[in-house]
Amino acid sequence: MEAPLYALIIAGGVGARFWPRSRKAQPKQCMSLDGGPTLIQRTLSRLEPLIPAERVFVVTAQDMAPLIREQLPQLPADQVLVEPMGRNTAAAVGWGTLEIARRAKGQDPIIAVLPADHLIQDTAELRSLLADCAQAAEQTHSLITLGIQPTRPETGFGYLELGPLVGDFGEHRFHVVERFVEKPKLDRAQQYLAGGRHLWNAGMFVFTAEVCRDAFRTHLPSTWGWMETLRHSPERLEEIYPQLEKVSFDVGIMERAANVLTVPASMGWSDLGSWEAVAEHLPEQPGGVGVGDIVAVDAQNNVVHAPGKTVALLGVNGLVVVDTGDALLVCPKDQAQRVRELHAALLEQGKEGLL
């Protein structure tokens, strides 16, 4: 690998499924699960020494930028890219790629796009994967997406269907992505797990800046036209950014592109995307798992997050209980993916201060 490897961390979301703990003022990526470093701090630190801080960029929202800069003091201020408004991840990735390429001084940099709020336990394996993905991206001129070996019939994730084997790069084996599959129903997810031809779509990508530009030109030409204008006139960011199409990078680019490869990964990954997912990483407590002083009688399989409070569970099974002082969430664990729906309900009731 001759071209430099950069990281683009996407940190603009509010973690709606992690409400009420995650808010605009304290988004999920800026929280700690165990009292140690926050999720975004862990995301940055696990990249070293493969990608040093001087080659890491973060895209975030205006109201989150001060907190991101406070939590990542090792990043120069101009490496925190602040969106004038949210336009979903295609705009964030496209703009981030544009900025990295502009500062790479004529080189065609390789860029790893990473979410800010995921948990990865095997950090050495992540770095090994990223190094091999960079080699594959540079040599095959493909868009690379990391696929996670499924461990359960998960209905909350999208999937990648494995196509033909391309070959080995470094220590890892790469396949063509036959197709992207939307979140399946349980019976289909069980088939995917048993069949061994599907991986979870983790939302982590590696590509060269030139390949990314070509993909935007082909699949989101209007957005890339505006980005070309932005490349020549970066001072027009606030005028141009609202013109970018509001679509995810997955839907706008990856699902439409033909030159997509994946590598099966096992690195102790979790997207921590819901309270049910977070439960796998909380300490065991009476009546289930959680944080807080928990008293349980005839209660099982519950998730509690109420630091500094005593929570009494009586005769309940499979509940999520989250207390933040100004808000209390109670829902069945199997409905945890729907917590984001409460955002719309709170807005309708004029309770934006709780978001």
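Please read all numbers here as calculations on a predicted model, not as lab measurements.

Procedures and definitions
Residues numbered from 1 in each chain as written. Predicted model: local features only at pLDDT ≥ 70, side-chain atom pairs only at ≥ 80, totals over all residues. Heavy atoms only, no water. Helix = DSSP H or I, 4+ residues; strand = E, 2+ residues; numbered from the N terminus. Rg over C-alpha atoms; globule rule 2.2 N^0.38 Å. Buried < 20%, exposed > 50% of the residue type's maximum accessible area, 1.4 Å probe, protein only. Contact = heavy atoms within 4.5 Å. Areas by Shrake-Rupley, 256 points an atom, 1.4 Å probe, with all protein chains shown as cover. Lys, Arg positive; Asp, Glu negative; His and termini not counted. Charge placed at Lys NZ, Arg CZ, Asp CG, Glu CD. 1 Å grid on protein atoms, 1.4 Å probe; cavity = no way out; pocket = protein on both sides within 12 Å on 5 of 7 lines; lining within 4 Å. Points joined across faces, edges and corners; volume = space filled by probe spheres on them. Nonpolar A, V, L, I, M, F, W, Y, C, P; charged D, E, K, R; others polar. Pairing = 2+ DSSP bridges. Axes fitted to C-alpha atoms, helices over the stretch in contact; angles between N-to-C directions. Left-handed = near helix turned anticlockwise from the far one by under 90°. Phe/Tyr/Trp six-rings, centres within 6.5 Å; stacked < 30°, edge-to-face > 60°. Core = buried A, V, L, I, M, F, W, Y, C linked by side-chain atoms within 4.5 Å. Polar contact = N/O pair within 3.5 Å; in protein donor to acceptor, adjacent residues only side chain to side chain. Expected span 1.5 Å × (residues − 1).

Novice: Mind showing me how you'd approach the overall build of the protein here?
Specialist: The helix and strand tally for the protein stands at eleven helices and 16 strands. Taking 2.2 N^0.38 as the reference for a compact globule, 355 residues should give roughly 20 Å; the C-alpha atoms of the protein span a radius of gyration of 21 Å, in line with that estimate. Counting over 355 residues, the protein shows a buried share of 54%. Sequence-distant contacts in the protein: of pairs separated by 6 or more residues, those separated by 24 or more amount to 67%. Carbon and sulfur atoms form 49% of the exposed surface of the protein, whose accessible area is close to 15,400 Å². Of the charged side chains in the protein, 32 are positive and 43 negative; the average position of the first set lies 3 Å away from that of the second.

Novice: Help me out: how do you make sense of the environment of Val321 in this one?
Specialist: Checked against the element boundaries, Val321 lands in strand β15 (residues 319-323). Sequence separation between Val321 and Lys333 is twelve residues, and the spatial gap between their C-alpha atoms is 9.4 Å. What Val321 contacts, discounting residues up to four positions off in sequence, is Val303, Val304, His305, Val311, Leu328 and Leu329.

Novice: Please clarify how empty space enclosed by the protein should be interpreted in this entry.
Specialist: A probe matching the size of a water molecule, rolled over the atoms, marks out where space remains unfilled. All told, the structure shown has one cavity of 30 Å³ or more when counted by the stated rule. Taken as a whole, the largest cavity spans an internal volume of roughly 40 Å³. What lines the largest cavity is simply Thr43, Arg46, Leu114, Pro115, His118, Ile120, Leu126 and Met204. Of the residues in the lining of the largest cavity, the class split is five nonpolar, two polar and one charged.

Novice: How should I be thinking about the pairing of strand β9 (residues 198-208) in this particular structure?
Specialist: Among the eleven residues of β9, ten are classified as buried, and the element is accordingly described as predominantly covered. Looking at chain direction, strand β4 (residues 110-115) and β9 are connected through four bridges and run antiparallel. In the strand pairing of β9, Ala112 is matched with Val206. Pairing analysis gives four bridges linking strand β6 (residues 143-148) to β9, with the strands arranged antiparallel.

Novice: Just checking my understanding: could you explain the packing of helix α3 (residues 88-103) against helix α7 (residues 221-232) for this structure?
Specialist: Geometry of a packed helix pair, given as the angle between the helix axes and the separation of the axes. Running from N to C, α3 and α7 cross one another at 35 degrees; their axes reach a closest spacing of 11 Å. For the pair α3 and α7, the sense of crossing is right-handed. In contact with Ala90, Ala91, Gly94, Trp95, Leu98 and Arg102 of α3, α7 contributes Trp224, Met227, Leu230 and Arg231. When the residues that make up the contact of α3 with α7 are grouped by side-chain class, the tally is seven nonpolar, one polar and two charged.

Novice: Any chance you could explain the sheet that holds strand β12 (residues 284-285) here in plain terms?
Specialist: Each strand in a sheet pairs with its neighbour through backbone hydrogen bonds, running either in the same direction (parallel) or in the opposite one (antiparallel). Spatially, the five strands line up as an open sheet ordered β12-β13-β14-β15-β16, and their pairing is mixed. In this open sheet, the two edge strands, each paired with only one partner strand, are β12 and β16 (328-332). Of the pairings in the sheet, the one linking β12 to strand β13 (residues 288-297) comprises two bridges and is antiparallel in character. Pairing of Gln285 across the sheet is with Gly288, part of β13.

Novice: Is there a simple way to explain the packing of aromatic side chains in this structure?
Specialist: For any pair of aromatic rings, geometry is given as the distance between the ring centres together with the angle between the planes. Evaluated as defined, the whole model comprises twelve aromatic pairs. A ring pair is formed by Trp95 and Tyr241, whose centres lie 5.5 Å apart and whose planes are at 70 degrees; its orientation type is edge-to-face. Here Tyr241 lies in the loop between α8 (237-240) and α9 (249-254) and Trp95 lies in helix α3, a separation of 146 residues in the sequence. Their ring planes at 85 degrees and their centres at 5.5 Å tell us that Phe169 and Phe174 sit as a pair that is edge-to-face. Taken individually, Phe169 and Phe174 each receive the classification buried, so the pair is uniform in this respect. Taken together, the aromatic side chains of Phe205, Phe207, Phe216, Trp224 and Phe249 make up a single cluster linked through ring pairs.

Novice: Just checking my understanding: could you explain the nonpolar core for this structure?
Specialist: Side chains of nonpolar character tend, in soluble globular proteins, to be buried together. Counting residues in each nonpolar core, the largest one holds 51 residues, and the members touching the most others are Ile68, Met204, Val206, Met267 and Trp269. At seven residues, helix α4 (residues 123-140) tops the list of elements feeding residues into this core. Formed by 42 residues, the second largest nonpolar core is a distinct cluster that contains Leu8, Ile100, Val177 and Phe216.

Novice: What am I meant to see in the side chain of Thr223 here?
Specialist: Turning to its location among the elements, Thr223 is positioned in helix α7. A relative accessible area of 2% means that Thr223 is categorised as buried. The residues touching Thr223, leaving out its near neighbours within four places in the chain, are Phe216, Leu244 and Glu245.

Novice: Hey, could you run me through the side chain of Ser248 in this one?
Specialist: Along the polypeptide, Ser248 turns up in the loop between α8 and α9. For Ser248, the side chain forms a polar contact with the main-chain nitrogen of Val251, separated by 3.0 Å. Residues contacting Ser248, with those up to four places away along its chain left out, are Asn88, Thr89, Ala90 and Ile253.

Novice: Please clarify how the layout of surface pockets should be interpreted in this entry.
Specialist: Of the volumes computed, that of the second largest pocket is approximately 310 Å³. Around the second largest pocket, the lining is made up of 19 residues, and of these Glu154, Thr155, Gly156, Glu276 and Gln337 lie nearest the centre. Looking at the lining of the second largest pocket residue by residue, the classes come out as three nonpolar, six polar and ten charged.

Novice: Explain α3 here, please?
Specialist: Spacing of three or four residues puts side chains on the same side of an α-helix, whose turn is 3.6 residues. Between the first and last C-alpha of α3 there are 23 Å, a value that for 16 residues agrees with the 22 Å anticipated at 1.5 Å per step. Judged by how many residues are buried, α3 sits mostly within the fold: twelve of 16 residues are covered. Buried residues of α3: Ala90, Ala91, Ala92, Val93, Gly94, Trp95, Gly96, Thr97, Leu98, Glu99, Ile100 and Ala101, and no others. Note on α3: the residue one or two positions beyond its end, Lys105, has a positive phi of about 55 degrees.

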